[in-house]
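Single-letter residue listing:
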Amino acid sequence: MAEAQIILAHSRESGLVAFAAGEQHPWAHTTLAESGFSRDADGVWHLPADGNGSTVVDLVACAKRHRTSVHTSSRRFIGDAARDLGRHLPGHWNVSVEIYSHPAWQEDLVPWIWDSGELGRVLQSERIPYAATLTDTVHGTMLLFIERPGRQLGYLVGAFAPEGLEEGYGDPHAPRSIVLPPFPGRAAQAVTDRYLPSYEQAVHARRTSAIAAVLGGIRAEHDTWQAMVASGRHSDASPLSAAARGAATEEFLDHSWRRFLTLVDHAPTLLDRCAPASSPWPDDAAALSRLAGAVSDAESLLDELVHGGPVLSQERNARAWPAIETWLTDGEIFLRQARVSAPHRRPVLPVASPAQSLSAARPAHRSH
């Protein structure tokens with residue numbers, strides 16, 4: 001890609017649009033501004049409605065003065081394509097255009113994408129100067145939607161790591177992005193029937209794994225603490241004073257509470273999906289009820305810590321420990337139930353007609 005580049009596309013609502021790309025993208029910004037374009041909140045440049053054909057000619061001449069190349073996309077504006085897709089998906093999706101004018105901005109994006117398929121590979125090997133995001137306003141799912149490189153038609157869609165599970169970069173169990181056809185109805189059907197179920201199952205598995213890790217970490221520290229107290233000695237065999245024992249206990253409880261917050265984030269959704277009556281362990285219902293009550297108690301404590309008056313750490317730890325202990329006792333019951341449960345399915349879409357094409361114009365992202 002040239003050091004400074006302008007890509008032109010056609011938008012259904014705005015007419016001619018443009019965005020800047022390249023390491024010297026400010027030259028492209030200067031060219032567009034001098035040529036009468038104006039930039040919106042997403043960083044997309046628009047030609048005023050009263051512009052005429054000569055403006056594009058002037059743009060090319062101005063671009064030469066500013067060492068900027070001008071190109072016309074063979075596709076339509078990606079914002080239009082993404083909004084058409086969003087309108088066909090179940091629920092309500094907010095759409096925004098993303099511009100990665102400088103290559104470093106695209107590199108910054110890579111760690112946040114949770115994908116084990118083509119999208120993840122493309123972001124690391126191909127130049128993607130723009131994209132669109134679709135965000136489910138109810139579930140919080142955020143999809144990344146790009147034109148499939150090297151193809152005249154077709155798109156790729158994948159997802160960002162869900163909130164609270166951002167450490168999933170490189171996760172081999174991440175959902176696989178899928179290729180979408182250039183028709184919004186068919187594309188939405190593919191997203192709803194194929195991609196979202198696999199994404200939600202992957203999130204379910206990641207949440208379950210995160211809780212297992214939390215319980216494993218607390219249990220390991222608990223065993224270490226118990227052994228130290230029982231022996232009356234530190235790990236280096238030196239005598240354990242009463243003051244040191246108290247300090248070690250508070251440190252253990254502090255660490256446990258901080259770890260437990262991850263469980264508080266993820267457990268409610270998973271508990272709601274557990275159905276012991278239809279599992280191999282119907283008698284688990286009582287334990288799941290205790291676990292749900294413990295999470296509720298921890299949520300109330302957390303709400304008080306955030307919105308109420310100050311609470312001493314010793315008081316917080318004393319109030320939190322019963323909930324943590326309940327999960328240490330019955331956590332394995334929860335894990336076996338969570339592993340055989342499944343996410344709730346979203347509404348099934350009716351078969352959509354293959355109306356207008358998604359492809360035909362072009363994209364842009366919030367400029368930095």
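A brief report on the enclosed structure follows. (Residues numbered from 1 in each chain as written. Predicted model: local features only at pLDDT ≥ 70, side-chain atom pairs only at ≥ 80, totals over all residues. Heavy atoms only, no water.)

1. Let's talk about unusual backbone geometry
Reasoning step 1: Here Arg67, not a glycine, exhibits a phi torsion of approximately 55 degrees, which is positive.
Reasoning step 2: Structurally, Arg67 can be placed in the loop between helix H2 (54-65) and strand S5 (69-72).
Reasoning step 3: Classification of Arg67 by relative accessible area gives exposed; the value is 60%.
Reasoning step 4: A positive phi angle, close to 75 degrees, is found at Ala237, a residue other than glycine.
Reasoning step 5: Residue placement: Ala237 occurs in the loop between helix H6 (184-231) and helix H7 (242-273). (Helix = DSSP H or I, 4+ residues; strand = E, 2+ residues; numbered from the N terminus. Buried < 20%, exposed > 50% of the residue type's maximum accessible area, 1.4 Å probe, protein only.)

2. Describing the pattern of salt bridges
As a working rule, side chains carrying opposite charge can pair if their charged atoms are close by.
Reasoning step 1: Summed over all chains, the structure comprises 13 salt bridges.
Reasoning step 2: Between Asp330 and Arg290 there is a salt bridge, and its shortest N-O distance comes to 3.1 Å. A residue pair is termed long-range when its members are at least 10 positions apart, and Asp330 in helix H9 (residues 313-340) and Arg290 in helix H8 (residues 285-307) qualify at 40 residues.
Reasoning step 3: Residue Arg290 is classed as partly exposed on the basis of its relative accessible area, which comes to 46%. (Salt bridge = Lys/Arg side-chain N within 4 Å of Asp/Glu carboxyl O.)

3. Some thoughts on the sheet that holds strand S6 (residues 93-99)
Reasoning step 1: Strand order in the open sheet made by the 5 strands is S6-S7-S8-S9-S10, with antiparallel pairing throughout. In the strand order of this sheet, the two ends are held by S6 and strand S10 (178-180), each with one partner. Sheet twist, expressed as the average angle between the axes of neighbouring strands with direction ignored, equals 30 degrees.
Reasoning step 2: Its contacts with the sheet put helix H3 (residues 78-88) on S6, strand S7 (130-136), strand S8 (142-147), strand S9 (155-159) and S10, and the angle it makes with S7 is roughly 25 degrees.
Reasoning step 3: Against the sheet, H6 touches S6, S8, S9 and S10, its axis set at about 170 degrees to S10. (Pairing = 2+ DSSP bridges. Axes fitted to C-alpha atoms, helices over the stretch in contact; angles between N-to-C directions. Contact = heavy atoms within 4.5 Å.)

4. Re the pairing of S9
Reasoning step 1: With 5 of its 5 residues buried, S9 lies for the most part within the structure.
Reasoning step 2: Every second residue of S9 is oriented toward a common face, with Tyr155, Val157 and Ala159 on one face and Leu156 and Gly158 on the other, all of them buried.
Reasoning step 3: The sheet contact formed by S8 and S9 spans 5 bridges and is antiparallel. Looking at S9, one finds that Ile146 is bridged to Leu156.
Reasoning step 4: Pairing analysis gives 3 bridges linking S9 to S10, with the strands arranged antiparallel. Pairing of Tyr155 across the sheet is with Leu180, part of S10.

5. Things to note about the packing of aromatic side chains
For any pair of aromatic rings, the description consists of the separation of the ring centres together with the inter-plane angle of the planes.
Reasoning step 1: This model, assessed by the stated rule, comprises 7 aromatic pairs.
Reasoning step 2: Considering the side-chain rings of Trp114 and Tyr199, the 5.9 Å spacing of their centres and the 75 degrees angle between planes classify their relative orientation as edge-to-face. With Trp114 in the loop between helix H4 (103-109) and helix H5 (118-125) and Tyr199 in helix H6, this residue pair connects regions lying 85 residues apart in the sequence.
Reasoning step 3: What makes Trp114 buried here is its relative accessible area of 0%.
Reasoning step 4: Consider the rings of Phe252 and Trp321, whose centres lie 5.6 Å apart with planes at 65 degrees: the pair is edge-to-face. One end of the pair, Phe252, is in helix H7; the other, Trp321, is in helix H9, and 69 residues separate them in sequence. Residue Phe252 shares its accessibility class with Trp321, and that shared class is buried. (Phe/Tyr/Trp six-rings, centres within 6.5 Å; stacked < 30°, edge-to-face > 60°.)

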